[in-house]
Amino acid sequence: MAYAPPSRYSPAELIEQLREAAEEIAPELPGIRAEETLEGEAAQTIEEMAEALMRIANGAARPQDLARAALEAKAPLKPIGRPKSTVVKMQRPRR
């Protein structure tokens, strides 16, 4: 009988799962944001490496430089966490 291996998670699914886990864990760690947990860091790294691979696959110039930057991981290549809200609370007019 042939055994079918289980399907793998896509990078996007892994990132989503890791970020959800980071959001659940962060409240239990005083002073630590979700992005600073192991799960948050892993999600960020996977996202950056997947982005670099996508750019290389699409024929980006100097693919070795893209790969080096993704592997060095000295600083985030993409913004960390959710975007900040740009909605500003309206103020009451003066009378």
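Residues numbered from 1 in each chain as written. Predicted model: local features only at pLDDT ≥ 70, side-chain atom pairs only at ≥ 80, totals over all residues. Heavy atoms only, no water.

## Section: the overall build of the chain
What the chain contains, in helices and strands, is three helices and zero strands. In the chain, the succession of helices and strands from N to C terminus is α-α-α. Going through the 95 residues of the chain one by one, you find that 14% of them count as buried. The contacts of the chain with a sequence gap of at least 6 include a subset with a gap of at least 24, amounting to 47%. Within the structure as shown, the chain displays about 8,600 Å² of accessible surface, and the carbon and sulfur contribution to it stands at 57%. (Helix = DSSP H or I, 4+ residues; strand = E, 2+ residues; numbered from the N terminus. Buried < 20%, exposed > 50% of the residue type's maximum accessible area, 1.4 Å probe, protein only. Contact = heavy atoms within 4.5 Å. Areas by Shrake-Rupley, 256 points an atom, 1.4 Å probe, with all protein chains shown as cover.)

## A word on a negative patch on the surface
A surface patch of negative charge is lined by Glu-13, Glu-16, Glu-20, Glu-24 and Glu-28. Relative to the assigned elements, Glu-20 resides in helix α1 (residues 11-25). (Patch = residues over 30% accessible without salt bridge, like charges linked within 9 Å, V, L, I, M, F, W, Y side chains within 5 Å. Salt bridge = Lys/Arg side-chain N within 4 Å of Asp/Glu carboxyl O. Lys, Arg positive; Asp, Glu negative; His and termini not counted. Charge placed at Lys NZ, Arg CZ, Asp CG, Glu CD.)

## A short note on helix α2 (residues 38-57)
For α2, built from 20 residues, the straight-helix expectation of 28 Å at 1.5 Å per residue is met to within 8% by its first-to-last C-alpha distance of 28 Å. Buried within α2 we find Gly-40, Ala-43, Gln-44, Glu-47, Glu-48 and Ala-52. Around the axis of α2, the buried residues are gathered within 160° of arc, so they sit on the same side. More than 90 degrees from the buried face of α2, the exposed residues found are Leu-38, Leu-53 and Ala-57. Looking at the buried positions of α2, the neighbouring elements they touch are α1 and α3 (63-72). (Expected span 1.5 Å × (residues − 1). Arc of directions from axis to C-beta.)

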